[in-house]
Amino acid sequence: MVLFVTGVCGKNCFYCPVSNERRGKDKIFANERLVNRDEDLIEEAISMDALGTGITGGEPLLRLDRVVHYINLLKNKFGKSHHIHLYTALAPNKEVLESLRRAGLDEIRFHPPRNILQNIGRTYYRVSIIEAHKMGILTGIEIPAITFDFSGVISLLKEVDGFLNVNELEFSETNLAELKKLGYLPVNDTSCAALGSKEVAESLDFEKLHFCSSRFKDAVQLRERFKRIAKKSARYFDEITDDGTLVYGVIQGDCVHLLEELGVHKEMFADKHGTVDTAWWIARNLAGEFKKIGCKVSVIERYPMKNGLVVEMTPL
Ligand code: SF4
């Protein structure tokens, strides 16, 4: 689960991808769900069967009490194994790190501003990163793949056995003007990725390097978008899959009277004149009955939008 704890942030990174709807607003979202009460957060985690949570923003540590509260809440509800990582562009001191550790934070991903990176070994970020590591919090740095001398970052990470996550730089509605101003170009007309960013990541030689490509993120974002659409468009009997597609049963033929005779509640099917959509499990359990009266029965998985593409059709 992605827990966006605030849109407030004191930094002004030129590549900031936070959307206009969230940027600067002190609002909380669990995935796409607005969080007003703790129950909203817990419900979202349960609904997606979350194994862990990434706390992000804005700058989460500008709302430290909130972060500590949510770490406690999630750990108490889902147990120690619910893995929690936190992004921060700050260099928290020992006291702050200690409060995060006590609450149960498992991992911290530092995102130092660009002007710090080159000389990170001589900044307070080094102190903070070493301190986090000493406390037993898994520690790493996560930054976009942009050109600079990575040697200081890598030698610091080697000191703390830390990881380096680099994300392919991408254009978004909020950073487009700034990226263009700085001379960045998209890889091609159909990609959001910035030209040359992947090559920066490829040039790095570090064992604990993870590269997150724009294409990979696109796939994740598409899935998240499907899920949002599915939540809005699903009928009572549709099942939403983890990929955000809809699964339901289809009975072709005149079967409404039989459905009623068999006691299937009206909410559990939609008569589309000659074809009936229903829950996949109703179609499966009653397939024999429908086939006896000459109907064709199948289970369909499709994209959640109106007339969405059929991904799979299984005849029963
Ligand atoms: S620290 Fe993060 S949220 Fe803040 S401006 Fe930079 S990218 Fe955006």
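Everything below is about the structure printed above this text.
Residue numbers run consecutively from 1 along every chain, following the written order of its sequence. In view of the model being predicted, local features appear only for residues whose pLDDT reaches at least 70, and side-chain atom pairs are presented and counted only at 80 or more, with totals across whole chains, interfaces and linings using the full set of residues. Hydrogens and water are ignored here; the side-chain numbers use all heavy atoms of the structure.

A. Quick peek at the sheet that holds strand S1 (residues 2-6). On the basis of which strands lie adjacent, the open sheet formed by nine strands has the order S3-S2-S1-S4-S5-S6-S7-S8-S9 and mixed pairing. The open sheet terminates on both sides in strands that have one partner only, identified here as strand S3 (33-34) and strand S9 (209-212). Any two strands between which DSSP finds at least two bridges are classified as paired. We count a stretch as a helix when DSSP gives it H or I for four or more residues in a row; a strand needs E for two or more, and each element gets its number in order from the N terminus. With four bridges joining them, strand S5 (residues 83-88) and strand S6 (residues 107-110) adopt parallel strand pairing. Residue pairing for S6: His85 is matched across the bridge by Glu107. Whether two residues are in contact is decided by their heavy atoms, any of which lying within 4.5 Å being enough. Axis definition: a line fitted to C-alpha atoms, limited for helices to the stretch in contact. Angles are taken between N-to-C directions and run from 0 to 180 degrees. Lying on the sheet, helix H2 (residues 64-78) is in contact with S1, strand S4 (52-57) and S5; it crosses S1 at an angle near 150°.

B. Broad picture of the packing of aromatic side chains. Stacked, tilted and edge-to-face are the three classes assigned to paired rings of Phe, Tyr and Trp, where Trp is represented by its six-membered ring and a pair needs centres within 6.5 Å; plane angles under 30 degrees give stacked, over 60 edge-to-face, the rest tilted. Per the counting criterion, the structure on display carries five aromatic pairs. Between the aromatic rings of Phe14 and Tyr184, the centroid separation amounts to 6.0 Å while the plane-to-plane angle is 15°, which identifies the pairing as stacked. Of this pair, Phe14 sits in the loop between S1 and strand S2 (29-30) while Tyr184 sits in the loop between helix H7 (176-181) and helix H8 (197-202), placing them 170 residues apart in sequence. We call a residue buried when its accessible area falls under 20% of the maximum for its residue type, exposed when it is over 50%, and partly exposed in between, using a 1.4 Å probe and counting protein chains only. A residue is classified by how much of its surface remains accessible, and Phe14, at 13% relative accessible area, is buried. Both rings, one in Phe148 and one in Phe150, keep their centres 4.0 Å apart while their planes meet at 25°; by these two values the pair is stacked. With a relative accessible area of 15%, Phe148 lands in the buried category. On the basis of relative accessibility, which here comes to 6%, the residue Phe150 falls in the buried class.

C. Examining the site of the ligand more closely. Only a single heavy atom is needed: when it lies within 4 Å of a molecule or strand, its residue is near that molecule or strand. If you check the shell around the ligand, you find Cys9, Lys11, Asn12, Cys13, Cys16, Val18, Gly58, Ala89 and His111 and nothing else. Note on residue categories: nonpolar means Ala, Val, Leu, Ile, Met, Phe, Trp, Tyr, Cys or Pro, charged means Asp, Glu, Lys or Arg, and polar means any other residue, Gly included. For the shell around the ligand, the residue count by class is five nonpolar, three polar and one charged.

D. Fine view of the pairing of strand S8 (residues 163-167). Of all five residues in S8, five are buried, a share of seventy percent or more. Alternating residues of S8 divide into Phe163, Asn165 and Asn167 and Leu164 and Val166, and every residue in both groups is buried. For strand S7 (residues 138-144) and S8, the ladder comprises five bridges, and the chain directions are parallel. Paired with Gly140 across the two strands is Phe163, which belongs to S8. A crossover counts as right-handed when, viewed with the strands pointing away from the observer, the path leading from the first strand over the helix to the second turns clockwise. With helix H6 (residues 151-159) bridging S7 and its parallel neighbour S8, the resulting β-α-β unit is right-handed. In the sheet, S8 pairs with S9 via four bridges, with the strands oriented parallel. For Leu164, the partnering residue across the bridge sits in S9 and is Leu209.

E. A look at the layout of surface pockets. As a volume, the second largest pocket reaches approximately 200 Å³. Residues are called lining when one of their atoms sits within 4 Å of a cavity or pocket point, these points coming from a 1 Å grid over the protein atoms alone, where a cavity is a set in which a 1.4 Å probe fits but cannot get out and a pocket is an open set with protein on both sides within 12 Å along at least five of seven lines. What lines the second largest pocket is a set of 16 residues, among which Glu168, Val187, Ser191, Ala193 and Lys198 lie closest to the centre. At the level of elements, H8 and helix H9 (214-233) are the ones that each hand at least two residues to the lining of the second largest pocket. The leading source of residues in the lining of the second largest pocket is H9, at three residues. Per-class residue counts for the lining of the second largest pocket are five nonpolar, six polar and five charged. Grid points are joined across faces, edges and corners, and a volume is the space filled by probe spheres set on the points.

F. Local environment of the pairing of strand S14 (residues 296-302). Within S14, six of the seven residues are buried, which leaves it mostly tucked inside the rest of the structure. Two strands pair when backbone bridges link them, and strand S11 (residues 246-252) and S14 are joined in this way by seven bridges, in the antiparallel orientation. Its bridge partner lying in S14, Ile251 is registered against Val297.

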